[in-house]
Every structure is written in C-alpha cells, then in structure tokens.
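Here are the chains, one letter per residue:
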Amino acid sequence: MAKLEAKLGMIVDSVGNFFSGKDQLPWCDPDIVAGCEREVAEAGKQSDEFLQECLLRLSWALVHSKRPQDVQRGIAMLEGSLPSTIDPLQQREKLYLLAVGYYRSGDYSKSRDLVERCLVIAPDWRQAVTLKTVVEDRITKDGVIGLGIAATAVGLIAGGIAAAVSRKK
C-alpha cells in the first residue's frame, strides 16, 4: 500500500510539473497502470458509480503512459465510453483525456479538435487551455521543421538543375 501511495505522490508531482512548465505533460509508469487495473477489477464488486471512477482513473493512467500500447488502450476505452456520457463534467474529463491520448500518439490535429470541444464545455479550464497551447506549439514546431525540410529539398533540386545546366555549357 505504501508503494502505491508513493507512486500516487509521483503523479501529484508530475501534475505540478505540468503547471510549472518543467514537463509538457505528466507521465505515468506501468506500476500505476497495474494498480489502476487491480482497482478496476476489485471495483466490480462495488457500486457502478465507483466502477466508473476507477475506469476514469485507469484511462488517465493509460493515456499518460510512456508505452504506446497503453495510450492506444486508453484512447479506445475513452472513445467507447464517451457516447454514453451525459454529465458535462465527465464529458469534459473524457474529451481532455482523449486529447492527451491523441497528443501522445502524435495525432496533433485530432488532439487540438478534442481540446477545443473540451473548452466549449469549460472555457476557463486551465488544464485544457494549457494543453491547447502545448498542442498548438507542437503543430507549429512540426510545421517549421516541415518547411525547413521542404526548403532544403527545393534547394537541392535547384542546385542539381543548376549544376546540370552548367555542365552542358
């Protein structure tokens, strides 16, 4: 139990780092994912509401995992449960976690769309505003890198053509 509390303390620290700018998004290690999976298995004996809370914690752990297969599992869980979610706060949470999952998997435009849907529900939610900034910065960074690659390719082609023309003269 003390080990799980220590791991949860690490989650709290990583969330703190998220807001301080030290880390873009918090990470979750496999031990926490396993703890959440055990919690879900044991929650089956409890109320449905408690089970849903445990599933949301597991989804959080999965989309924040460093393992891509965990992130994909988290995305699948959230996408499966989102259509039946009526409560706006739970919709907000699930949309946010989906946005994190898609960010982690490299689908930045899908992540941005989801975080914007989240901000429709809660326009001033700092976590979502911060995630939107992180996603947009990543899209901009990737765009700049893409432009640099394209400019280099054009330069190489133009240089090749110029060299070919000068050889023929």
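See the structure above.
Residues numbered from 1 in each chain as written. Predicted model: local features only at pLDDT ≥ 70, side-chain atom pairs only at ≥ 80, totals over all residues. Heavy atoms only, no water.

### Some details on the overall build of the chain
Here's step 1: Counting its secondary structure elements, the chain contains 7 helices and 0 strands.
Here's step 2: Of the regular secondary structure in the chain, the N- to C-terminal order runs α-α-α-α-α-α-α.
Here's step 3: A separation threshold of at least 6 residues defines the contact pool for the chain, and within that pool the share at least 24 residues apart is 52%.
Here's step 4: On the chain, roughly 10,200 Å² of surface is accessible, and the fraction owed to carbon and sulfur atoms is 59%. (Helix = DSSP H or I, 4+ residues; strand = E, 2+ residues; numbered from the N terminus. Contact = heavy atoms within 4.5 Å. Areas by Shrake-Rupley, 256 points an atom, 1.4 Å probe, with all protein chains shown as cover.)

### Thoughts on the side chain of S65
Here's step 1: Positionally, S65 belongs in the loop between helix 3 (48–63) and helix 4 (68–81).
Here's step 2: Since its relative accessible area comes to 1%, S65 is described here as buried.
Here's step 3: Polar side-chain contacts of S65 include one of 2.9 Å to the side chain of D70.
Here's step 4: Beyond its immediate sequence surroundings of up to four residues, S65 is in contact with W27, C28, D70, V71 and R104. (Buried < 20%, exposed > 50% of the residue type's maximum accessible area, 1.4 Å probe, protein only. Polar contact = N/O pair within 3.5 Å; in protein donor to acceptor, adjacent residues only side chain to side chain.)

### Considerations on helix 6 (residues 108–121)
Here's step 1: Look at helix 6: 20 Å from first C-alpha to last across 14 residues, which is about the 20 Å you get at 1.5 Å a residue.
Here's step 2: Among all positions of helix 6, only Y108, S111, L114, V115, C118 and L119 are buried. Looking straight down helix 6, one finds that the buried residues subtend no more than 145 degrees of arc, so they occupy a single side. (Expected span 1.5 Å × (residues − 1). Arc of directions from axis to C-beta.)

### Considerations on the state of the cysteines
Disulfides are covalent bonds that connect the sulfur atoms of two cysteines.
Here's step 1: A full pass over the atoms with the stated rule returns 0 disulfides.
Here's step 2: No disulfide involves C36; its sulfur sits 6.4 Å from that of C28, the nearest cysteine. (Disulfide = S-S within 2.5 Å.)

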